[in-house]
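# Secondary and tertiary structure notes
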Amino acid sequence: QVFVLATLNGMSASYKSSFQNLFFNLKYGFLDGKLRGYVGDLLDDTDYVILAECETLDDVVSYLSATERSKISNYGATHSHPSALVEMCLKSFVSDFNTLRSLAPEPLLTFLNYLTYGYMIDNVLLILAGILHGRDAQELIEKCHPLGMFDSIVMLPVATNMP
């Protein structure tokens, strides 16, 4: 890499830009590919029109399973309530978001962390308000939003119960 950088100093601007593109693909190519894959999975206008015409939850699941959204096919016939589908989609989103965060370089990582701070604050407020009203700590932690979870949030109910 030192040789390439030394060579870049003696090259014209057009050659420098092509070498910089090569380094871009080496450094950010996988993340770029993941993002392009996520964009390809987004619903478009025709998907929304078809989903609006679905009469039952089974119709929605069958349509989404027939498309490229294979994560919906794991939904199964045992779940017959919309909240189970919403929960599965939320878990999938959080998993994809955390994958992006683990791959992201700075300053994108800082931006993605900023997106989670609001959920963290909401989770802390939920736990504190619940503890003040005498609710069970485990029940409160289960109600927390997954994007706002952090390592020490499970210790928060213990700390608020101390005199």
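See the structure above.
Here is a short report on the structure shown in this document. Treat the numbers as computed from the prediction; the structure is a model and nothing was measured.

## What to know about the packing of helix H3 (residues 45-53) against helix H4 (residues 57-66)
Running from amino to carboxyl end, H3 crosses H4 at an angle of 150 degrees, the nearest separation of the two axes being 9 Å. Here H3 lies roughly antiparallel to H4, going by the angle between them. Crossing of H3 against H4: the hand is right-handed. Contact residues: H3 offers Asp47, Ile50 and Leu51, while H4 offers Val60, Tyr63 and Leu64.

## Observations concerning unusual backbone geometry
Here the residue pair Glu106 and Pro107 is connected by a cis peptide bond, since its omega of 0 degrees sits within 30 degrees of zero. For Pro107, the location among the structural elements is in the loop between helix H5 (82-103) and helix H6 (108-132).

## Some remarks on the environment of Glu139
Note that Glu139 resides in helix H7 (residues 137-143). Classification of Glu139 by relative accessible area gives partly exposed; the value is 33%. Sequence-wise, Glu139 and Ile127 are 12 residues apart; in three dimensions their C-alpha atoms are separated by 9.4 Å.

## Side note on H6
Under the 1.5 Å per step criterion, the end-to-end length of H6 is 37 Å for 25 residues, consistent within 8% with the ideal 36 Å. Helix geometry: H6 is bent most strongly at Thr116, by close to 25 degrees. Within the span of H6, buried status applies to Leu112, Thr116, Asn123, Ile127, Gly130 and Ile131. Directly beyond the C-terminal end of H6, a positive phi value near 75 degrees is found at Gly134.

Calculation notes
Residues numbered from 1 in each chain as written. Predicted model: local features only at pLDDT ≥ 70, side-chain atom pairs only at ≥ 80, totals over all residues. Heavy atoms only, no water. Axes fitted to C-alpha atoms, helices over the stretch in contact; angles between N-to-C directions. Helix = DSSP H or I, 4+ residues; strand = E, 2+ residues; numbered from the N terminus. Parallel < 35°, antiparallel > 145°, perpendicular 65-115°, else oblique. Left-handed = near helix turned anticlockwise from the far one by under 90°. Contact = heavy atoms within 4.5 Å. Buried < 20%, exposed > 50% of the residue type's maximum accessible area, 1.4 Å probe, protein only. Expected span 1.5 Å × (residues − 1). Bend = angle between axes of the 7 residues up to and from the residue.

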